[in-house]
Structure formats: structure tokens, C-alpha cells
Amino acid sequence: MSTPYQTDDAAGPASASGSAGTAGPITTPGPAIDPRTGAEITATHPHGGDDAAQPTMPSDVSLHDASPRLTPFWRSLVIVLTVVGVLLTMNQVFFWNVGGVTIPTNSFLYLLIAVFVPIVFIVTPIRKHAPGAAARQRRGVPWYDVLLLLAGVGTSAYFAVHGIEIQEYGWQYMAPTLATVLSFVFWALILETLRRAAGLVVLVIAFLFSVYPLFAGIIPLSFLQGISYDLPTLAQVHTMGVDSVLGLPLQTAGTILVGFLLFGVVLQHTGGADFFHELSMAVFGRYRGGSAKVAVASSAAMGMMSGSAVSNVLTTGPMTIPAMKRSGFSARVAGAVEATASSGGSITPPIMGTAAFLMVSFVGVPYTSILVAATIPAILYYLGIFLQIDGYAAQRGLRGTPKNLLPRARHALAMGWPYLGALAVLTALLFTTDSEARVPYWVVAILLLIALVKPSVTFGPRQWVDMGVDVGKTLAQIVGIIAGVGLILGGLTATGVALSLSRDLVALVGDNVVLILIAGAVVCFILGMGLTISAAYVFLAIVMVPAVTALGVDPIAAHLFVIYWASVSYITPPVGLAAFAAAGISKASPMATCFSAMKLGAVKYVVPFGFALNPALVAQGEPVHIGLAFLSSLVAVYAIAAAMGGWLTFVERQLPLYLRVVLAVGGFMMFLPGAPVTLIGLALVVAAAVLARLRRPRAVVDPETGQITRVPEGAEVPDAARGTHGAHGTGGAPAGAHAPHENTKENAS
């Protein structure tokens, strides 16, 4: 497996030429196409976070692909700005106070914008180019982008120099003329940065919310009425206030997010991605459906390091999807497995998506609390995928890869233990130190030292340059998005409407928690289709979460509920961007891949309601209650996966429709709080499992083709399937699949 990173002079996995329907080598699949716009979906950087993979992002083409804009001079400038930005952040986090100078928080945030926003103007063109047009672009950065770059540096530096005056003299309401004029320039630059980093949809929404205070006093709808501002004051509030561009999201990015994103980039550049893929093959490859289980494990590992669904698909998909197809998985299911596994990145500890780090400020708890809370739901999510894959493989008679063709786990661990050690050290330090913001920098130093002394890792000047550019691109995009999203926060906070909206929402639904959760899920999904997860999260954390918590839902559970439901749009029609990207690699129907991904990711739709109603599932409660909730939820996921896939793993029976319904009902009931409801659900699951086991063995039929894949000894063969059985013979398998084991329990994982 080659590293997913290449220089800007070489195409990455997602930049190969061709179309979704054109056959080609495994390593150069055709591009995925967004069916709504016809635009090519290309890979964002694997560390772009949950924000780096939304439909209308011009940065998807330019920010992370080979680009003629990055000549040696501009590449060097990106690296210099990146190094300055990282050192600036470390100065704040470690309280170095270089030269005896203490930088005020607002000045630090202005300087952060001054070094990272220009990178967006360097690497991202003013408009999206057609697929394949990169080679025809002018080399270097055009003059108008240079002007924007200089304007961004100049205005940000001006406000940084006057940070103390802004605080002490209240410039957000009464500022000098020059500061007011520059406030308009700064506002416009942030909006343009947001457009390039996150797309037109996010820009329009952020712009409308940013100008909303101009009309808040005259809007006829009472629940939207608030305090009005004149235009100059509004520009000052957005630029120099503490609740808009410089609000909680950017403060969190500056203190926590920069370090963790840096850790993710460095981990992959020093060989972490290769190690986790090899380890996944060694552990899961020999079991039935092993190629798909490897895809899930390696994508989950990628998710721990990034959080971006589409970039995970386009980084691991070119390796995992063809392997799944060769082992007997249909193109549709192979794409769905990769999309579903990759979309779990934003919910997978220890390095979750950007929105999870924003929770630190909104909830007011350490990141370790969020890490612990997200662990059980993430385990349940991936368990559900594993069980459905196992059932699919059992029904199609798909065996794993012969053990002699797989890497040895002992060898993989011997070669890659430093990467597991780095994650272990990161997690241990998060729980034992008093400053979680410093932890990733320590671990990054360890990783770089390992890369320099480890013989199997090539880490020369070229690799240093590539890593520096990738870090700059990643941090620039995230800082640009978060600064722009702050305008949404600023518009709602300045008018006072945020509080009134949550009160009106509670009044509308009364005391019905389930109703407000359903309404919230729908709103999260709709916003997730058009916004980045971070943008959707910031909006709903202000408007909806207070209403949910007012009805007694645990705050951490409420915030995670928003993140889960904002991220389901990656695998849900009509958007399903991760599924569309996977379909471009697997050569399957994008919409069919979406529906298969929904089925595989069914747990993601159910679990948020479970932990919102039963906070023990997010580790909120007594250890005994948490343990019991976890055990019952494992059984619940087992039942739901069997109901969705039609196969009961360990019992080794194909399920009729009525038993699938019983398992679905029982599984859902076990997610709900209260011992009586849980016990009733458990009784239903046990009864369904017993009935399935006591049923007379029947021929196993592939639900997709109707062909018999295996006939257990003494089993009935349905009349409708006798003809298809003869085509394969007893114990036969579909074309392209391995012959199945009769003793399928030995092959289950």
C-alpha cells in the first residue's frame, strides 16, 4: 500500500482521469460525479475534518489536488505561513510569551487569520474549474488573489496590533474611522474565504445571518424579531466583537483543533495509514467477508486520524473496493461498505471531526469527556456494520483470504508498534495532564523522531515539504470555514434571537422529548445536506440544543445527537456524497449505493435517539448503569443488524420476514431507558433467536440473485430455487465468490 499523499505535481487517488463508467487500473478509478451538479467530486485532504467534503466546495478541486498554482515560490510561502501559524499557536498553548510579550486572545486570533487565510487564496482559485482543466490553468497565483492575500494579512495585522485598544475602549461599538473601514474589508474577506473553503451554499447562509441584524427589528415574524444594528456598527461587531468571527468556534480552533489536526497529518505522513491497513488485513482478512471487514477497520483508523468522509473514501477506497469486488461483493455493496465505514470518521475517537472539538466550548467540558462519551456510540456503529457484512458474506458463501496470503499480525505489530504507541500515549496524556491542548504537540514530536530514526520510513526533504504543504492546506481550510461560520453565531447572538428561538421551540412541542428529537433529527439532516457539519452544528448548538436540554436531555448527549444526525447526509439520499464518491470507484449506481449504505449504517439513525433518551450510552451516569446500558446496546445492535441483513450471526440462520420484524422491534426497545422496556426487548430478541435456531435448516439463498449459495445437511430446498441450485451444485457459490465453508461458525468474525 502506497502512502495516500503525493506532491502537487502528481495526481492523488481521486484525480485520475476517466469517468465513473470507464474501466481502468485499480489505482486510478474514475472520478465520482455529483449527480445534482454534474461536477466532479474530488478528494479533499484526508485531514480536512468533517468540513472538507461537502457538495459545493470549490476547494475540493483546487485545495487538495495537483495544482499549477503551487509553484516552488508559492509552495515555500505556504510552508512558511504554516510554520509561523503552528509556532504562534504553540506560543499561546505553552505560554512561551516570546520576548516577554503576552499576546491578547483577540490579537492571537487575528494573527491566526493573518497566516492561514492567505493560504486559502494561494491554493484555491476564484472559481471552480471543470474536471481535467487543472493542466490548462496559469502557473502561479494571479494578481487579484495576491491583492486579496495582502489585504487579508494587512487588515488582520492592523486589528492584531490594536487588540488591547479594541478590548479596553469597546471598538466593536465605537471605533476610529480607519478601524470601521477595515471592518468592512475584513468582513468581505472572511466571506470570500468561506466561499472558497466551503462553497456557495455555506456562503449564502453565512451572509444572510451576518446581515440579519440590519432587519431584525422590522421582521414581521415575532419569533425572529430582535435588536437591530446600523451597518457600520454591525461591521464592527462582526470584526471586533467576541461573539462573531472571533467567537467560541475560532477560539477552540486556535487552542485545541490546530494541534490535533497537525497530529493527524503527521501520523499519516510518517506511515500510520500503511500500518493500520496492514494490521486490519492481518486481523480480519481470513474471516468470511474479510475484504469488507478490512475496509471497515482501515477506514475507521483513517477516521480516527481525520474525520472527513469523502477524503477517507477516496484515500482507502481505491484499495478496498476492488478487493471487495474480487472476493465476491457486488459493486453496489462494496461501495456502500466503504462509504458507511468512512462516514464514521467524525464520530470516532480519539481524533473526531471538527464539530466534536467545537463541543468543548459549547458544552464547557474537557475534550476527554467528549472522547469518553463518544466511545460507546462509535463501537455500536462499527459493530452494526461488521455484523451486516458477516451476514452478507454468509448468505453469499464468501470466504476470507487464505491466511498464507495475508500479512502476519505479529510482523505488522513489530513494524508498526510506534503508531499504536503514539495513539496510546495521546490517549493517556489526555487523561493525565492538565492541558489537553498541549498533548498533540508532544506526540507529534515523538512521531517525527520515529520517522527520522525508523529505517523502514523514508522521510527526507521531499517528505518534509509535502507534509508542510498538507498541514498548511488542512489548517487553512478549517480556519477559513470556522471564521466564516462565526458570522452565523454573531448574527444570532447580536440580535438576541438565539435564546428566543429555543424558547419558542420548546413552547411549540410542549414537553414531548421524542417529538423534539424527531424534529431536531430532520432539521439536522436538512442542514447537513447543504452545510458542513461544523456549520450545521454551530447553528443548531445555538438554536435547538438549548430547547432539547430544557426538556431534560443530557447536554453532551444533545450535542452528539446533532453531530450524528448532521453527518448522516453523507450516506443518505438525495445527497449521500460519500456514497457517490464510492460509487465512482466501484462503478455502481450512486443512488443504489446510497440505499445500501443507509442499510449498513442503520445503527447511526437509531443510536442517537438511544443515547438522547438514555444518557448512560454516552457514559453519563453511574458505572453500573453505563455497563448495563452498554451490554444491552450490544444486544440491540446485534438484533438490528440481523433484522436489516436477514442473517443471524452465531445462530447461523437466514431469517424470514416476521422474525426480522421481531428483532427490529426488540432491538429498538433495548435502546430505551427503563428496565421493564429493556427486558421486554431482550425477551423478543431471545425468542426470535430461539425460533430461528429451532427452524428446520433451509437452503441459504442469496437475497440479491435468488440463487442458492449453500445447502446445509438435511436442509429443505425451495421449489422456486431448485433450478438455480443446480447451476452451482451443492454448496456452490455465485460466480466470482469463493466456495463456502459448511461449518460457517468457524468463518464468522
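Residues numbered from 1 in each chain as written. Predicted model: local features only at pLDDT ≥ 70, side-chain atom pairs only at ≥ 80, totals over all residues. Heavy atoms only, no water.

## Let's talk about the environment of Ala273
Here is step 1: Inspection of the secondary structure puts Ala273 in helix H10 (residues 272–284).
Here is step 2: Classification of Ala273 as buried rests on a relative accessible area of 5%.
Here is step 3: For the pair formed by Ala273 and Ser298, sequence separation is 25 residues and the distance between their alpha carbons is 8.1 Å. (Helix = DSSP H or I, 4+ residues; strand = E, 2+ residues; numbered from the N terminus. Buried < 20%, exposed > 50% of the residue type's maximum accessible area, 1.4 Å probe, protein only.)

## Focus: helix H24 (residues 577–586)
Here is step 1: Across the ten residues of H24, ten count as buried, placing the element largely inside the fold.
Here is step 2: Taken as a whole, H24 has its buried residues at Leu577, Ala578, Ala579, Phe580, Ala581, Ala582, Ala583, Gly584, Ile585 and Ser586.
Here is step 3: Where H24 ends, the next residue or the one after it, Lys587, has phi of about 65°, a positive value.

## Quick notes on a nonpolar patch on the surface
Here is step 1: Among the surface-exposed residues, Ile126, Trp143, Tyr144, Leu147 and Leu150 lie close enough to one another that they form a single nonpolar patch of about 530 Å² accessible area.
Here is step 2: Relative to the helices and strands, Leu150 resides in helix H4 (residues 143–161). (Patch = residues over 30% accessible without salt bridge, like charges linked within 9 Å, V, L, I, M, F, W, Y side chains within 5 Å. Areas by Shrake-Rupley, 256 points an atom, 1.4 Å probe, with all protein chains shown as cover. Salt bridge = Lys/Arg side-chain N within 4 Å of Asp/Glu carboxyl O.)

## Quick look at the environment of Leu231
Here is step 1: Mapped onto the secondary structure, Leu231 falls in helix H8 (residues 231–240).
Here is step 2: Separated by 17 residues in the primary sequence, Leu231 and Leu214 place their C-alpha atoms 6.8 Å from one another.
Here is step 3: Not counting chain neighbours up to four residues away, the residues in contact with Leu231 comprise Phe184, Trp187 and Leu214. (Contact = heavy atoms within 4.5 Å.)

## Considerations on the pattern of salt bridges
Here is step 1: Throughout the structure, instances matching the rule amount to eight salt bridges.
Here is step 2: Among the ionic pairs, Arg195 bridges to Glu192, the shortest N-O distance being 2.8 Å. Here Arg195 pairs with Glu192, and both are found in helix H6 (residues 177–198), just three residues apart, close to one helical turn.
Here is step 3: Among the residues examined, Arg195 registers a relative accessible area of 17% and is labelled buried.
Here is step 4: For Asp466, the salt bridge identified is with Arg462, shortest N-O distance 3.9 Å.

## Regarding helix H29 (residues 675–694)
Here is step 1: In this model H29 runs 28 Å from its N-terminal to its C-terminal C-alpha over 20 residues, within 8% of the 28 Å that 1.5 Å per residue would give.
Here is step 2: Among the residues of H29, those classed as buried are Thr678, Gly681, Val685, Ala688, Ala689 and Ala692. Down the axis of H29, the buried side of the element spans an arc of 95°, and every buried residue falls inside it. Exposed side of H29, more than 90 degrees from the buried face: Ala675, Pro676, Leu679 and Leu694 are the residues found there.
Here is step 3: Each element contacted by the buried residues of H29 is listed here: helix H27 (623–645), strand E3 (647–648), strand E4 (653–654) and helix H28 (657–671). (Expected span 1.5 Å × (residues − 1). Arc of directions from axis to C-beta.)

## Topic: the packing of aromatic side chains
Here is step 1: Taken as a whole and judged by the stated rule, the model has 26 aromatic pairs.
Here is step 2: Aromatic side chains Tyr381 and Tyr382 sit 5.2 Å apart centroid to centroid with 70° between the ring planes, which places their arrangement in the edge-to-face category. Residues Tyr381 and Tyr382 agree in their burial class; the two are buried.
Here is step 3: Here the aromatic rings of Tyr564 and Phe611 are separated by 5.5 Å at their centres, their planes lie at 75°, and the arrangement is edge-to-face. One end of the pair, Tyr564, is in helix H23 (residues 555–567); the other, Phe611, is in helix H26 (residues 602–613), with 47 residues separating them in the sequence. For the pair Tyr564 and Phe611, one class covers both residues: buried.
Here is step 4: Within the aromatic cluster, the residues linked to one another by ring pairs are Phe94, Trp96, Tyr441 and Trp442.
Here is step 5: For Lys604, the ring lying beneath its charged end belongs to Tyr381, and the centroid distance is 5.3 Å. (Phe/Tyr/Trp six-rings, centres within 6.5 Å; stacked < 30°, edge-to-face > 60°. Lys NZ or Arg CZ within 6 Å of the ring centre and 35° of its normal.)

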